[in-house]
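The chain contents come next:
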Number of protein chains: 2
Amino acid sequence: MNQRNTKQKEIILKILDENRIHPTMQEIYDLAKKEDQNIGQATVYRNINKLVEDGMVIKIPSVGEEGYHYDINNHPHTHLVCNSCGKIIDIFENDYEKFIKKIASNNSVIIKKSLLVLEGICNNCKK
Amino acid sequence: MNQRNTKQKEIILKILDENRIHPTMQEIYDLAKKEDQNIGQATVYRNINKLVEDGMVIKIPSVGEEGYHYDINNHPHTHLVCNSCGKIIDIFENDYEKFIKKIASNNSVIIKKSLLVLEGICNNCKK
DNA sequence: CTCTTATTGATAATGATTATCAATAATATT
DNA sequence: AATATTATTGATAATCATTATCAATAAGAG
């Protein structure tokens, strides 16, 4: 016996999968409470941390502010923190992986993980 | 009167300038203590935070672990956290700014700041 | 159905960061 | 040079997010 599937774990995964709003730990907890009134905060922390460890979830630091946001690690992509609306926007840049590989080869290093966070103004707010 | 130059501020700036080891807040405090036995930890926090706000210092989140490291924001560059020796290596990639500009234009967004943190194996440890 | 133990919920503990505030010292003004 | 103003400091308390603890629960193997 190594891993067990619990109701709580399923709820948390479902929240991450259905709410692509890059929620904070607190927001995930609040959403989880709506599904299960009795879920504990520590349970949310434990599960999210394990998902990050296992590489299934990305932990996004804010460029300016404190704190972290979380996102499902589906396709490699980056995030833009919008200074105007405050949202975190997914940026799918085709050449991202290519660029990372280029850095690795140019600098003779091995890159296992990468994190690119942008800060500025999103498409919507620019208009 | 807006800003004042203090002995403490100078010590902290000198530490950041001379020690390109990407120290943590604690490490900066320890180094500062060697220069001035009476410097307070809160003073280090206050000064570093202001330098980050003013854009003179970069706050680098660890990809895997918790906590932050700090670095003078001289030329735009990125950082590689080495999983072998634990050091943070500066990576000066010529096309970095070009790549960021490309993302901005491809996605119709304005990018004011960016943060790229890499995790893997550095040049030295690879050998 | 029973047993093992991973996981949970509640709560205490931790630890890093921030707020508070009187004392100090930088610098503008006299 | 002396004084006044107030930004900054150092010490400490307060805060807050995260983690550790632990008995109770429940997932899943046998």
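For the structure, check the block above.
What you see is a predicted model, and the numbers here were worked out from it, not measured in a lab.

Peer 1: Sorry if this is basic, but what is going on with the relation of the copies chain B and chain A here?
Peer 2: There are two copies of the chain, and a rotation about an axis plus a shift along that axis relates them. It takes a turn of 180° to lay chain B on chain A, together with a shift of 0.0 Å along the axis; the resulting RMSD is 0.0 Å. Interpreted geometrically, this transformation is the action of a two-fold axis. Among all residues of chain B, the one whose C-alpha sits closest to the rotation axis is B:Leu116, at a distance of 2.2 Å. A share of 100% of interface residues in chain B that are also interface residues in chain A marks the association as one of identical surfaces.

Peer 1: When you look at the protein's contact with DNA strand D in this model, what are you seeing that I'm missing?
Peer 2: Neighbouring DNA strand D are 21 residues; A:Asn5, A:Tyr45, B:Gln8, B:Thr43 and B:Arg46 lie closest to it. One of the side-chain nitrogen or oxygen atoms of A:Asn49 is found 2.9 Å away from a phosphate oxygen of DNA strand D. Looking at which element gives the most residues to the surface near DNA strand D, the answer is helix α3 (residues 41–53) of chain B, with five residues. In terms of residue class, the surface near DNA strand D is made up of five nonpolar, 10 polar and six charged.

Peer 1: Explain the pairing of strand β1 (residues 57–61) of chain B to me, please; I cannot follow it from the model alone.
Peer 2: Successive residues of a regular strand alternate their side chains across the two faces of the sheet. All names here are of chain B. Among the five residues of β1, five are classified as buried, and the element is accordingly described as predominantly covered. Residues Val-57, Lys-59 and Pro-61 point to one face of β1 and Ile-58 and Ile-60 to the other, with burial holding for every one of them. Direction of pairing for β1 relative to strand β2 (residues 68–72): antiparallel, over a ladder of five bridges. Note that in β2 the partner of Ile-60 across the bridge is His-69.

Peer 1: Which parts of the structure should I look at to understand the packing of aromatic side chains?
Peer 2: One pair of aromatic rings is described through two measures. These are the centre distance and the angle between the planes. With the rule as written, the count across this model stands at one aromatic pair over all chains. Relative to B:Phe99, the ring of A:Phe99 lies with its centre 4.0 Å away and its plane at 15°, an arrangement referred to as stacked. With A:Phe99 in helix α4 (residues 96–107) and B:Phe99 in helix α4 (residues 96–107), this residue pair bridges two chains. For the pair shown, A:Phe99 and B:Phe99 are each scored as buried. The positively charged end of A:Lys59 is found above the aromatic ring belonging to A:Tyr68, 4.4 Å away from the centroid.

Peer 1: Mind showing me how you'd approach the sheet that holds strand β3 (residues 78–82) of chain A here?
Peer 2: Hydrogen bonding along the main chain pairs the strands of a sheet, whether they run parallel or antiparallel. Strand order in the open sheet formed by six strands is β4(A)-β3(A)-β5(A)-β5(B)-β3(B)-β4(B), and the pairing between neighbours is mixed. The open sheet has two edge strands, β4 (88–91) of chain A together with β4 (88–91) of chain B, and neither has a second partner. Direction aside, neighbouring strands of the sheet carry axes that sit 25° apart on average. Inspection of the sheet shows strand β3 (residues 78–82) of chain B paired to strand β5 (residues 110–121) of chain B by four bridges, in the parallel sense. Residue pairing across strands places B:His79 opposite B:Val117, the latter belonging to β5(B). Contacts from α4(A) reach β3 and β5 (110–121) of chain A together with β4 and β5 of chain B, with the element oriented near 125° to β5(A). Helix-sheet contacts for α4(B) involve β4 and β5 of chain A together with β3 and β5 of chain B, and the interaxial angle to β5(B) is about 125°.

Parameters and conventions
Residues numbered from 1 in each chain as written. Chains lettered and ligands numbered in written order. Predicted model: local features only at pLDDT ≥ 70, side-chain atom pairs only at ≥ 80, totals over all residues. Heavy atoms only, no water. Least-squares fit on C-alpha atoms with pLDDT ≥ 70 in both. Contact = heavy atoms within 4.5 Å. Near = heavy atom within 4 Å. Polar contact = N/O pair within 3.5 Å; in protein donor to acceptor, adjacent residues only side chain to side chain. Helix = DSSP H or I, 4+ residues; strand = E, 2+ residues; numbered from the N terminus. Nonpolar A, V, L, I, M, F, W, Y, C, P; charged D, E, K, R; others polar. Buried < 20%, exposed > 50% of the residue type's maximum accessible area, 1.4 Å probe, protein only. Pairing = 2+ DSSP bridges. Phe/Tyr/Trp six-rings, centres within 6.5 Å; stacked < 30°, edge-to-face > 60°. Lys NZ or Arg CZ within 6 Å of the ring centre and 35° of its normal. Axes fitted to C-alpha atoms, helices over the stretch in contact; angles between N-to-C directions.

No statement about biological role is implied by the geometric values presented.
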